[in-house]
Structure formats: C-alpha cells, structure tokens
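# Notes for the structure review
Each chain, letter by letter, is given below.
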Amino acid sequence: MAFALLGVLCNHGLLCQNTESAMRDGKSQYLIRTIAFYNLENLFDTRNDSLTLDDDRTPGGADHWTGPRLAQKLLHLSQTLAEIGRDMGVNPPDIIGVCEVENEGLLDTLIQQPALRSFPYGVVHFDSPDPRGIDVGLLYRQDRFFPEESKSVRLLLYDEAGVRKYTRDQLIVLGYLDTDFIGILVNHWPSRGGGPIRSREHRKAAALLQRHLIDSLIYRHPDIKIISMGDFNDNPKDASLGILSGNSRKNEQSQNRMLYNPLSRAYRRGLGTLAYRDRWNLFDQILFSGAWRGKAAEGYRFWKAGIFQADYLKTASGSYQGYPFRTYAGGLYQGGYSDHFPVFAYIIRPAGVKAN
C-alpha cells in the first residue's frame with residue numbers, strides 16, 4: 001500500500017485511513033513523519049576499551065556482559081523502535097535520537113536487526129569524552145532525511161576545585177526532511193548523581209550551551225525548523241528546560257527562538273519515562289521551535305507527541321510492576337529493554353506538497 005512507503009495519509013480531522021478511501025471521500029490529506037528519542041540504557045559492546053570505564057560491561061566484568069546478552073538487547077531495542085508509530089500506520093520512525101550507546105558500530109548493528117534492516121537507515125555518531133564512553137547519536141531514514149552538516153559540540157564542566165568533569169557532547173545535524181530544512185539537536189545532559197540540587201548547575205550549563213547552539217542556528221538560517229530532543233535528566237518544569245522553553249509570546253523572533261515542549265502536559269498528568277522511588281520523571285523530551293507551529297507554518301508542522309509505553313516494555317510483576325523493564329536491576333540481569341520509555345512526535349503536512 002502507498003503509506004507503507006510514503007507515510008500515512010489522513011483526512012482533515014487527522015483520522016488516519018488508507019489513501020484510496022481518503023481520495024474517494026474528497027477530504028484533505030496529510031502526510032505524517034515520526035520523530036522519536038530513546039535512551040538505550042548502557043548499550044555497550046563486549047570488548048574492553050582501555051580508554052573508558054566500560055569494564056563492567058564485558059564478559060569478565062561485574063555484569064557478565066556476553067555476546068548472547070548483547071544480541072538479545074539489540075533485538076529488543078530494534079523491535080521497540082520498529083513499533084513506534086504503529087498507531088498511525090507510519091512505523092518505524094523517520095528520525096530517531098538515541099543516547100547511552102558506546103560506539104557507532106553498535107548503531108550500525110542495531111539498524112541491521114531484522115525489525116529494521118528493510119528500512120534504509122543511516123547513522124550520525126561522534127565519540128564524546130564521557131568517562132564511560134557513552135554517546136548520543138542519530139538514526140535517520142535515508143529516503144526521507146538528507147543530512148548536509150553534522151558536528152559534535154563539547155560541554156565544558158568544572159567542579160568547585162576547577163577540575164574538569166567530562167560528559168556527553170551535544171550533537172547537531174542539519175539537513176532536509178523531504179523539502180523542509182531542519183536542524184536536529186540530540187542531548188544527554190549531566191546526571192543527577194549527588195542529588196538534583198547539587199548537580200543542577202551542570203544541567204543549567206548544558207541548557208545554556210543548547211540555547212547558544214539554537215540561537216546560532218536561527219541567526220545563520222532564520223527560517224530553519226529546529227528539534228531539540230534527548231534525555232535532559234530534568235523534568236519539563238525544571239529551570240534548565242525553562243532556558244529552552246520560556247515565554248514565547250513576546251514577538252515573532254522569540255516565538256521561533258523559544259521552544260515548545262509538547263510533553264509538558266503529560267508530565268502535569270503524572271506521566272513519565274522513568275521511575276525512581278515510586279515517582280515518575282519525564283526526562284526524555286522532544287521540543288520544537290516556533291517555525292513548526294501555527295497555521296502559517298509551511299511544509300511540515302507539529303501535530304502531537306507522546307510516550308511509547310507498550311506493555312512489553314513494562315515490568316510485569318513485583319515491587320516495580322509497571323516500571324520500565326530494564327536490562328539489569330539491582331545488579332541482576334533481567335533481560336529487559338531499557339530503564340526509560342521512548343518518546344515520539346508526529347509532524348504533518350498537506351499531501352499535495354511534493355515529497356521524495
């Protein structure tokens with residue numbers, strides 16, 4: 001069917017249906033693209049890298065991380081990614097941001113898993129100076145998104161004694177989603193190790209760097225559409241996210257500069273992507289610049305976003321029932337997926353606009 005290759009077409013009320021019935025009803029049609037982000041939860045290979053602290057994730061390490069366990073995790077992650085967008089008939093996603101991956105080779109192996117290998121995914125990845133060797137990356141459908149520029153930007157952090165604390169880079173990828181020029185930024189901000197208050201200045205620094213990168217992109221390309229996504233290690237209401245998504249009603253320039261966070265409402269409803277001490281946090285988010293929104297937006301525009309939490313991604317029983325089904329819990333191998341649920345967003349445009 002046509003939507004298996006080009007996305008799904010929807011009627012004016014955005015109720016999805018197949019191409020033939022939409023045309024027969026004479027209603028407006030929309031093309032959907034899917035954006036996703038997934039924390040892959042310590043996706044390491046089994047080799048010991050002498051330059052990073054990956055010893056636990058080796059066959060002889062504390063986690064007894066073996067080839068079969070890695071193979072099962074890759075299978076699980078790929079099956080999950082392939083399912084995102086199924087409710088709209090557009091799975092798998094066109095653009096996927098990821099974090100907690102050790103190297104590009106693992107992403108190359110991930111996209112060759114049975115659930116994904118029939119789709120022409122490409123990979124953007126740079127090694128970062130994180131002590132454990134975990135990075136961010138981008139997977140993209142090469143028949144939908146066409147990168148023109150990519151780079152990895154260092155986040156420089158220092159402790160009270162002036163000693164540098166190494167962390168993940170922030171990834172920038174510019175290119176065309178069909179005919180729309182877009183900028184994608186992928187993040188994994190500093191953790192809450194030592195407590196959220198003690199560590200919040202590090203996430204504020206990450207937010208200020210992200211703010212600078214966004215402003216620079218808009219300065220260079222005033223009409224660019226920007227997506228900032230990642231595991232921010234803060235919730236939508238926290239001050240760090242406010243640096244990205246503050247008041248956007250002042251003028252047209254600020255409306256594009258300040259990002260819209262569609263998952264804020266989900267957080268206010270008590271939903272989240274990870275749980276800790278019987279409390280849900282929504283650290284995984286996808287934010288959109290103002291150019292994606294409003295009736296005046298040309299090409300693709302933002303439609304809606306959500307948390308992908310299929311039943312198989314949840315712990316089935318016990319004290320942590322309903323929590324994300326992890327690979328390890330309490331130091332014991334569980335054979336699950338990730339300690340985070342993925343998030344996704346749909347963007348749409350009138351089907352009459354030419355696409356590749």
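Here goes a summary of the coordinates provided. (Residues numbered from 1 in each chain as written. Predicted model: local features only at pLDDT ≥ 70, side-chain atom pairs only at ≥ 80, totals over all residues. Heavy atoms only, no water.)

### What to know about the sheet that holds strand E10 (residues 180-188)
- Here five strands make up an open sheet; going across it, the order is E6-E9-E10-E11-E14 and the pairing mixed. Both outer strands of the open sheet, strand E6 (145-153) and strand E14 (284-288), are each paired with one neighbouring strand and no more. Strand-to-strand twist of the sheet, defined as the mean angle between neighbouring strand axes without regard to direction, takes the value 15°.
- In this sheet, strand E9 (residues 170-177) lies alongside E6 in antiparallel orientation, the contact comprising eight bridges. The residue of E9 that forms the bridge with Lys151 is Ile172.
- Most of the contacts of helix H5 (residues 196-220) go to E9, to which it runs at about 30°, and overall it touches E6, E9, E10 and strand E11 (225-231). (Pairing = 2+ DSSP bridges. Helix = DSSP H or I, 4+ residues; strand = E, 2+ residues; numbered from the N terminus. Axes fitted to C-alpha atoms, helices over the stretch in contact; angles between N-to-C directions. Contact = heavy atoms within 4.5 Å.)

### Some details on H5
- For H5, built from 25 residues, the straight-helix expectation of 36 Å at 1.5 Å per residue is met to within 8% by its first-to-last C-alpha distance of 35 Å.
- The principal kink in H5, of about 25°, is found at His202.
- Those residues of H5 that sit buried are Ser199, His202, Arg203, Ala206, Ala207, Leu209, Gln210, Arg211, Leu213, Ile214, Leu217 and Ile218. (Expected span 1.5 Å × (residues − 1). Bend = angle between axes of the 7 residues up to and from the residue. Buried < 20%, exposed > 50% of the residue type's maximum accessible area, 1.4 Å probe, protein only.)

### Description of empty space enclosed by the protein
- Counted according to the given criterion, the structure contains one cavity of 30 Å³ or more.
- In this structure, the largest cavity encloses a volume near 50 Å³.
- Lining the largest cavity, in full, are Phe126, Ser128, Asp135, Val136, Ser152, Arg168, Asp169 and Leu171. (1 Å grid on protein atoms, 1.4 Å probe; cavity = no way out; pocket = protein on both sides within 12 Å on 5 of 7 lines; lining within 4 Å. Points joined across faces, edges and corners; volume = space filled by probe spheres on them.)

### Focus on the pattern of salt bridges
- A complete count under the given rule lists 19 salt bridges for this structure.
- Across the pair Arg47 and Asp45 runs a salt bridge whose closest N-O atoms are separated by 2.9 Å.
- The salt bridge involving Glu149 is made with Arg220; its shortest N-O contact spans 3.2 Å. Here Arg220 lies in helix H5 and Glu149 lies in strand E6, a separation of 71 residues in the sequence.
- Classification of Glu149 as partly exposed rests on a relative accessible area of 32%.
- Through salt bridges that share partners, Arg192, Arg203, Asp234, Lys237 and Asp238 make up one connected network. (Salt bridge = Lys/Arg side-chain N within 4 Å of Asp/Glu carboxyl O.)

### Overview of the nonpolar core
- The biggest cluster of nonpolar side chains holds 69 residues, and the ones touching the most others in it are Leu40, Ile95, Leu138, Leu139, Phe145 and Met229.
- Tallying contributions element by element places strand E2 (residues 30-43) first for this core, with nine residues.
- Ignoring anything within four residues of it in the chain, the contact list for Leu40 reads Lys73, Leu77, Val98, Cys99, Glu100, Val101, Leu107, Leu110, Tyr337 and Ser338.
- Leu174, Ala207, Leu259 and Leu287 belong to the second-largest nonpolar core, a separate cluster that totals 22 residues. (Core = buried A, V, L, I, M, F, W, Y, C linked by side-chain atoms within 4.5 Å.)

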